[in-house]
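The residues making up each chain are set out below.
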Amino acid sequence: MAAVTATVRDADPVREKRYYMACLDLTGRDVLVVGAGSVALEKIHDLLDVGARVTVVAPDVSEPVETLTRERRMALIRGTYRASDLDGRFLVVAATSVTTVNERVFADADARGMLCNVVDVPDLCSFILPAVHRDDPIAVAISTGGASPALAQRLRDDVARLVTPQHARLARELRELRPWAKARYPTYEARRDFFQQLVRERLG
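What you are looking at is a predicted structure, and each value in this text was computed from that prediction instead of being measured. (Residues numbered from 1 in each chain as written. Predicted model: local features only at pLDDT ≥ 70, side-chain atom pairs only at ≥ 80, totals over all residues. Heavy atoms only, no water.)

Here we look at helix 2 (residues 63-70)
At 3.6 residues per turn, the α-helix brings residues three or four places apart onto the same side. Taken as a whole, helix 2 has its buried residues at Val65, Glu66 and Leu68. In an axial view of helix 2, the angular spread of the buried residues amounts to 160 degrees, which keeps them on one side of the axis. Residues of helix 2 that are buried in the fold lie against helix 1 (38-49) and strand 3 (75-78). Once helix 2 finishes, Arg72 follows within two positions and takes phi at roughly 60 degrees, a positive value. (Buried < 20%, exposed > 50% of the residue type's maximum accessible area, 1.4 Å probe, protein only. Helix = DSSP H or I, 4+ residues; strand = E, 2+ residues; numbered from the N terminus. Arc of directions from axis to C-beta. Contact = heavy atoms within 4.5 Å.)

The following block contains the structure:
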C-alpha cells in the first residue's frame, strides 16, 4: 500500500474545540436510537450494557436488532423517524446512512435542549463518544475531539494495557472506604489527601 501523506497546519489552540468530559448515569433512562443497522447495533449494545432503556426507530431492521427485540431487551418502533419519537427521552443517538434524517434528528433534539449524538458527524453532536475500555469499576476513555476515532481506539488500547486486575480490586476497596472516610474526614481536601496517600502506599 502506498504511503499516504498530508500537510496539516498546526492547530490553533484558541480555536480548537474542547468538550466537557463527563460520565453519564443512564440506568433506567429512556434513550432513542434512530437506525437499526450494524453501526446502530454497536451503540445499542453499549447503551444496554450501562442499563439504559433503549427504543429503536427504523423502517428497516437488521436481524440482530430483531433478536434483541424478541428477547425484550429493547423496544422497537418500525417506521420512519418523527420528532414525536423524542418525547420523554433523555438523549438520542442517530446512526443512519441518510444525511437528511440525521440532520433532522439533531435539529429536533437541539430545539428541545436534548443531548444528541450523530455517529461520525461531530458537527451534528451535542456530545461525542470516546473510545472506552472497561475493567469494572474502572473505565478508560480516550477522545480525540472527533478528529479520529481510529487514533482514539489505538490510544485506548495502549492505555488499557496499564490497567490490571490489581487496579480494579483497589478501586472496589476504595469505594467501600468512602462512607468511613466521609465520616472520619469532614472536608473534601482531607478525604482527597487520605485517598491519595492510600493509593501511593498500595501502588508505589
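The discussion continues.
Concerning the environment of Gln153
Within the secondary structure, Gln153 is located in helix 4 (residues 149-160). In sequence terms Gln153 and Ala141 are 12 residues apart; their C-alpha atoms lie 9.3 Å from each other.

A few points about the sheet that holds strand 3
An order of 3-2-1-4-5 is seen for the five strands of this open sheet, with the pairing classed as parallel. Pairing within the sheet leaves two strands with one partner each, and these edge strands are strand 3 and strand 5 (115-118). Shown here is a sheet whose adjacent strand axes are inclined to one another by a mean of 15 degrees, direction ignored. Relative to strand 5, strand 4 (residues 91-94) runs parallel, the two being bridged by four bridges. (Pairing = 2+ DSSP bridges. Axes fitted to C-alpha atoms, helices over the stretch in contact; angles between N-to-C directions.)

Worth remembering: the numbers are spatial, not functional.
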